[in-house]
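What follows is the residue order along each chain.
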Amino acid sequence: MSGLKDVIDGALEIGRAMGVTLKTAITEPPVTVEYPDQPMAVYPRFRGRHELRRYENGLERCIGCCLCEAACPTGAIYVEAEENDPEHPLSPGERHAKIYEVNLMRCIFCGDCEKACPTEAIVLGHYIDLAQYDRRDLLLTKEDLLNPPAPNTVIRPDA
Amino acid sequence: MSDWITITIDGRQIQAKDGELLTDAARRAGIDIPVFCSHPKLDPLGACRMCLVEQETPRGKLLITACTTPVREGAVFHVSSERAVDARQGTLELILINHPLDCPICDKGGECPLQDQTLKHGPGKSHFWEEKQHKAKNYPLSDLVLLDQERCIICWRCIRYLQEWEDKPQLGLFHRGGETVIDKFPGTELNAYTSGNVIDLCPVGALTNRLARFSYRPWELEKTPSICTHCGQGCNLRIDSRSHRVRRHVARENPAVNDEWLCDKGRFADGISFSADRLTVPLVRKDGRLQPATWEEALSRVVEGLKEVVDRSGPQAVGALASAKVSNEANYLLGKFMRGVLGSNNIDYREGSGLLADPRGLPALADVHSADLIVLIGCDPAEEMPVLANFIKRASIRRSVPLLIIHARRPELARYPGVFLNPAPGEEIPLFDALTRATLEARMEAGAEAIPDWLSAETPPAAFPAEAVQEAARLLLNAEKPFIAYGMDYAWGFGARGILAALVNWVAAAGHTERLGFLHIQANAQGAGDVGALPHQLPGRRPLNDEKARAELEALWQSTIPAQPGLGYSGMIDAAANGLLKAMYVMAADPVGEKPAHAEALKQLSFLVVQELFLTETAKLADVVLPAASYAETSGTFTNTERRVQRAPQAVRPLGKSAPDWLILMHLARRFAPDKQNAWNTTSPEAVFAEITRAVPQYRDMSWENLGEEGRQWPWDALSVSRELQAHNGGLLNEPDDEYPFRLVVGNQLWDGGTIFAATPQMAHLGIQAARLHPDDAASLGLAAGDAIEIRSQAGAIQTTLHLDPNIKPGTIFVPFSLRDAPVGTLFDSRGPRTVVAVSKVEAPVAAPA
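Residues numbered from 1 in each chain as written. Chains lettered and ligands numbered in written order. Predicted model: local features only at pLDDT ≥ 70, side-chain atom pairs only at ≥ 80, totals over all residues. Heavy atoms only, no water.

1. Some details on the confidence of the model for chain B
Residues and elements named next belong to chain B. Just so we agree on the cut-off: Each residue gets a pLDDT score, which is the predictor's confidence in that residue and runs from 0 to 100. Each helix is a run of H or I in the DSSP string that is no shorter than four residues. Each strand is a run of E no shorter than two, and both are numbered from the N terminus.
Within chain B, residue pLDDT values average 93, and 98% of them lie at 70 or more. Confidence, expressed as mean pLDDT per element, reaches its minimum in chain B at helix α12 (residues 453–458) with 65 and its maximum at strand β27 (residues 624–627) with 98. Scoring the predicted complex yields pTM 0.93 and, for the interface, ipTM 0.87.

In structure tokens form, the structure reads like this:
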């Protein structure tokens, strides 16, 4: 007796559950992001590809102090500094970075470089399209860092 | 000497020396008292107040500065009492009022005592929020030293260093209170030869290295304890490098050699290791031009070329020039290759058999600190060894040690009390004879032996003030511990043998022969001879006819060594000119650069190999040029002028495809003589040094490890040199006449136009490119300072600029070595540098219209 009842109850439950699925499939839009055709949503403090920022007057924020390099736990950053030409300074003050390289193969995106930076020059941005066909393309030069590509992301509100 | 006493610090009983400063006593006991102005090598001043501690006195507990307080038996101090800590925190807060917070761009950041002590002893917070004082930043004191007045904390260390050690007070304090700044005295330059030491001394980033500016952060440097290879003093330094590039040199303490100082050449001229002019690939002559080649190709060509000459003309037709600029290992292996593989004793270096140096060099550099008389004969430490010169100045100032100087021009050290005698070339022997006679006469008064006949009979009356000669003779005779050094000027060229004999007579008459030493100018002039780069001596300075020595080396080298002496440096070049020498192997030497006429001789050779850092004038003539590695790129040992063997370990990798000297010679020997490979199987410079300790008896107790960071001296009495009164014959120099009215005086100057300066771009313009003449002589010739002049001898002529200098003896002209494009060797005739010249004005070359 009880065996038959279980079968009927089970069938009813499945039917009810399928009803929910059917209803949601018809009434709610899909949540899958069709990346890369659609932008990813990231939180504002997401740590993506590095960027070197500039001041509003165009001068580089980076002064080549190498503190990011010292803070980096994986040795992914290499900086060589140089004296500014007083006539054509690249950054405010006496010193700028001549070479600034980030090795994305080593980087673990921990953000310690951001924290170490006294001028908020190096920041981890929202760009996440990091796959490359060549290892050399994973070595970001100062030029790459100062001219970051537009990120294929949307900022998700902090929950 | 001083007694040990007991003092109390923070309730702890500690032992101290009576009268020493509290900071020193505390440091020994491991108690930390922060300091800024106090420095172990500088006199106490108490300027910064950072070391405030409490002392118990009859008037109660007083705050005193620990760096100026001598300790006495039973004294009681409180270092960590609340009041003392509070006082130090307050001091630090005051120091930081105006100190800018630009640590991220400051070269001192990371090794800055002010940073460290702020973290350790600072209050952590400041009461002050006002705008900081603004002063000059990025203010060059000289081409080498940069001042940031904002960062200065007025500790006076730089001022005191220049006063106390260099005796050139060139920096001072200006203004008062918070506006006090360090600056040059008006009208003076910061041009002391050891000015760079103020950078090491500065406890903040106020004084920084202008050449190394912004090229490093202290924490990212690899630090290699090494030595300076610019002169024979062998000052200890640290090579700081990063990503295989030398970033800077910093002084390293070695009380026996350089205390903790460096001269500016040693500190700043580090460009040799990364110069863009360096050779980075082997060059082989093809179709009449030197063309890049592989090592395989170059070495095969060297082996072929040498084999061909040996087969055709025998091993005596091959010669090798070694060098006092490269390590013991390189010189030893070149000697081993020449003697053990080729079978020729033709090996020498410029400062080798042609220089009458004492084979033991100098007794000890540190003797200068305890000497009661300093005698400098034909050497000028102020230009040749500035750090030693500072020790001499200090001996004069602090201990009133008289200086007895005999030199062809008036050197800087002649400004100190003592006797200065100024013989022109040719007048040395009469002068030394007069000194010998005066010494013997003084001893006869005390009942000693008679004056030998040859001395009284042969010597003409000397053209020197009798009182000065008497005084000089008396000084040396009465001295107990004189420091006596003679230099290259009287040990080289025509007549040097006679001059040295006359000098030795004087020193022997005064009874101080065991204190007479030679001051080598080149870094490894002592070591190259020790390890056997000499035509008449085997390693260990043993004569070639020493059967036992030959047998030992033959066993070690698995070969037979010829017993007949080889040709010396100039002998080889002469032999090349008249076709007796067919092939030459030149390592780190540049005979053509020294004397362009040598090019004709070297062009006669059928095969020339040059192993060098740069494409020198000699290298341009070579059939094969092998690129060598510099001092920083390979390990090696150097033996300084006091026989101290010191390590210079590898700091960075060789530039391009250049290779260390020892490795090149090792490959060459193994290719040349495959049957002797068992004697040529060392695989590291350390192993080569181990072999040297077996080949050179004086080095027997040494090993790479036990040389340590301060090196080891081989004993002065390991070699004996006969030094006694003997008759001598100087030979006559040619006299000045109407055609050639000036006697030539050559010598070294620190700021020269040589490779070391040329390779460091920021220093290239600093070399002084001029000959010097007495103003009266210049006036009689109608010449003015800055004129372009031609100096002509019978051998040749050079053109350079004229400087006027009252320190030059009238009738002589001083031409330094290493003038750019004007090698003084051009003027040398068969009598070497001791010749006469004419000086005339040349119109400055006018640029031809296009």
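Still more to cover.
2. Thoughts on the side chain of R88(B)
All names here are of chain B. Put simply, the rule reads: Between buried and exposed lies partly exposed: a residue is buried under 20% and exposed over 50% of the maximum accessible area for its type, with that area taken using a 1.4 Å probe on protein chains only. We score Asp and Glu as negative and Lys and Arg as positive, and we do not count His or the chain ends. One speaks of a salt bridge when a side-chain nitrogen belonging to Lys or Arg is within 4 Å of a carboxyl oxygen belonging to Asp or Glu. Definition of a polar contact: a pair of N or O atoms within 3.5 Å, with one able to donate and the other able to accept a hydrogen when the atoms are protein atoms, and with sequence-neighbouring residues admitted only if both atoms are side-chain atoms.
Within the element layout of this structure, R88 appears in helix α2 (residues 82–95). Despite being buried, R88 has no salt bridge partner; D10 is the closest side chain of opposite charge, sitting 7.2 Å away. At 3.0 Å, the side chain of R88 and the backbone oxygen of L52 are in polar contact.

3. Regarding the packing of aromatic side chains
Residues and elements named next belong to chain B. For clarity, the threshold we go by: Note on aromatic contacts: the rings of Phe and Tyr and the six-membered ring of Trp form a pair at centre separations within 6.5 Å, being stacked when their planes are under 30 degrees apart, edge-to-face when over 60 apart, and tilted otherwise.
A complete count under the given rule lists 15 aromatic pairs over all chains for this structure. Between F174 and F185, the ring centres sit 5.9 Å apart and the planes meet at 65 degrees, which makes this aromatic pair edge-to-face. Of this pair, F174 sits in strand β8 (residues 171–174) while F185 sits in the loop between β9 (181–184) and α5 (197–201); the two residues are 11 residues apart in sequence, bridging distant segments of the chain. The partly exposed category is assigned to F185, whose relative accessible area is 30%. Seen in terms of ring centroids, F689 and Y699 are 6.5 Å apart; in terms of plane orientation they differ by 50 degrees. Their pairing is tilted. Highlighted residues: F689 in helix α22 (residues 685–695) and Y699 in the loop between α22 and β30 (712–713), separated in sequence by 10 residues. With respect to class, F689 is no different from Y699; both count as buried.

4. So, the layout of surface pockets
Residues and elements named next belong to chain B. Formally: Lining residues are defined by having an atom within 4 Å of a point belonging to a cavity or pocket. Those points lie on a 1 Å grid over the protein atoms alone, cavities being sets where a 1.4 Å probe fits but cannot get out and pockets being open sets with protein on both sides within 12 Å along at least five of seven lines. Grid points are joined across faces, edges and corners, and a volume is the space filled by probe spheres set on the points. Asp, Glu, Lys and Arg are counted as charged, while Ala, Val, Leu, Ile, Met, Phe, Trp, Tyr, Cys and Pro are counted as nonpolar; the rest, among them Gly, fall into the polar class. Residue ranges labeled as domains rest on an automatic or database domain assignment.
Put simply, the second largest pocket is a space of about 830 Å³. As for the second largest pocket, its lining consists of 34 residues, and the residues nearest its centre are H39, K108, P113, R157 and D200. Looking at which element gives the most residues to the lining of the second largest pocket, the answer is helix α3 (residues 113–121), with 5 residues. Of the residues in the lining of the second largest pocket, the class split is 12 nonpolar, 7 polar and 15 charged. Each of domain 1 (4–97) and domain 2 (129–273) gives at least three residues to the lining of the second largest pocket.

5. Observations regarding the domain arrangement of chain B
Put simply, an interface is often sized by how much accessible area is lost when its parts join up. Residues and elements named next belong to chain B. Heads up, the rule is: The contact rule is simple, with two residues in contact once any of their heavy atoms fall within 4.5 Å. Accessible area that two parts lose when put together, evaluated with a 1.4 Å probe and summed over both, is termed the buried area.
Each domain of chain B was delimited in the assignment, giving domain 1 (4–97), domain 2 (129–273), domain 3 (307–354 + 546–718), domain 4 (365–519) and domain 5 (742–841). Here the C-alpha centre of domain 3 lies 37 Å away from the C-alpha centre of domain 2. The interface is formed by 25 residues belonging to domain 2 together with 22 residues belonging to domain 3. Buried surface at the junction of domain 2 and domain 3, summed over both partners, amounts to about 1900 Å²; 57% is from carbon and sulfur atoms. Considering only the side of domain 2, the residues that lose the most area to domain 3 are I227, H244 and I272, jointly responsible for 28% of the buried surface there. Joining domain 2 to domain 3, the criterion identifies 1 salt bridge. One salt bridge in this structure joins E709 and R252, with 3.9 Å as the shortest N-O distance. In this assembly, domain 2 and domain 3 are joined by 8 residue pairs in polar contact (both at pLDDT 80 or more). Mapped onto the side of domain 2 that touches domain 3, the elements with two or more residues apiece are β11 (222–227), β12 (236–242) and β13 (245–251). Here the side of domain 2 that touches domain 3 gets 5 residues from one element, more than from any other, and that element is β11. Class assignment for the residues of the side of domain 2 that touches domain 3 results in 8 nonpolar, 12 polar and 5 charged.

6. Observations regarding the domain arrangement of chain A
Here the domain parsing of chain A yields domain 1 (1–31) and domain 2 (40–155). A separation of 53 Å is found between the C-alpha centroids of domain 1 of chain A and domain 2 of chain A.

7. Here we look at the interface of chain B and chain A
Counting residues at the interface gives 16 residues for chain B, matched by 15 residues for chain A. Summing both sides of the interface, chain B and chain A together bury roughly 1300 Å²; the carbon and sulfur share of this comes to 49%. Contact with chain A buries surface across chain B, with I105(B), F214(B) and R242(B) losing the most and accounting together for 41% of the total. The interface formed by chain B and chain A holds 6 salt bridges in total. In this structure, the salt-bridge partner of E80(A) is R247(B), at a minimum N-O distance of 2.7 Å.

8. Thoughts on unusual backbone geometry
The linkage connecting Y35(A) with the following residue, P36(A), adopts the cis geometry, with an omega of 0 degrees. Although it is not a glycine, R49(B) sits at a positive phi angle of roughly 65 degrees. Within the fold, R49(B) resides in the loop between α1 (22–28) and β3 (52–57). The phi angle at H175(B) is positive, at roughly 65 degrees, despite the residue not being glycine. Looking at the secondary structure, you find H175(B) in the loop between β8 and β9.

9. A closer look at the sheet that holds strand β28 (residues 636–639) of chain B
All names here are of chain B. To keep things clear, this is the line we draw: The criterion for strand pairing is that DSSP finds at least two bridges linking the strands in question.
The sheet built from 3 strands is open, its strands ordered β28-β29-β30 with antiparallel pairing. The open sheet terminates on both sides in strands that have one partner only, identified here as β28 and β30. In the sheet, β28 pairs with strand β29 (residues 644–648) via 4 bridges, with the strands oriented antiparallel. The partner of T639 across the bridge, within β29, is V645.

10. Brief notes about the nonpolar core
Residue and element names in this part refer to chain B. In plain terms, the rule: Put simply, a nonpolar core is a bunch of buried Ala, Val, Leu, Ile, Met, Phe, Trp, Tyr and Cys residues held in one set by side-chain atoms that sit within 4.5 Å of each other.
Ranked by internal contacts, the top residues of the largest apolar core, which has 106 residues, are I7, L22 and I374. When residues in this core are grouped by element, the largest group, 6 residues, is from helix α10 (residues 386–399). The contact partners of I374, leaving out residues within four places of it in the chain, are V368, I392, A395, V401, P402, L403, L404 and F483. Counting 67 residues, the second largest nonpolar core, distinct from the first, contains L299, A528, L544 and V645.

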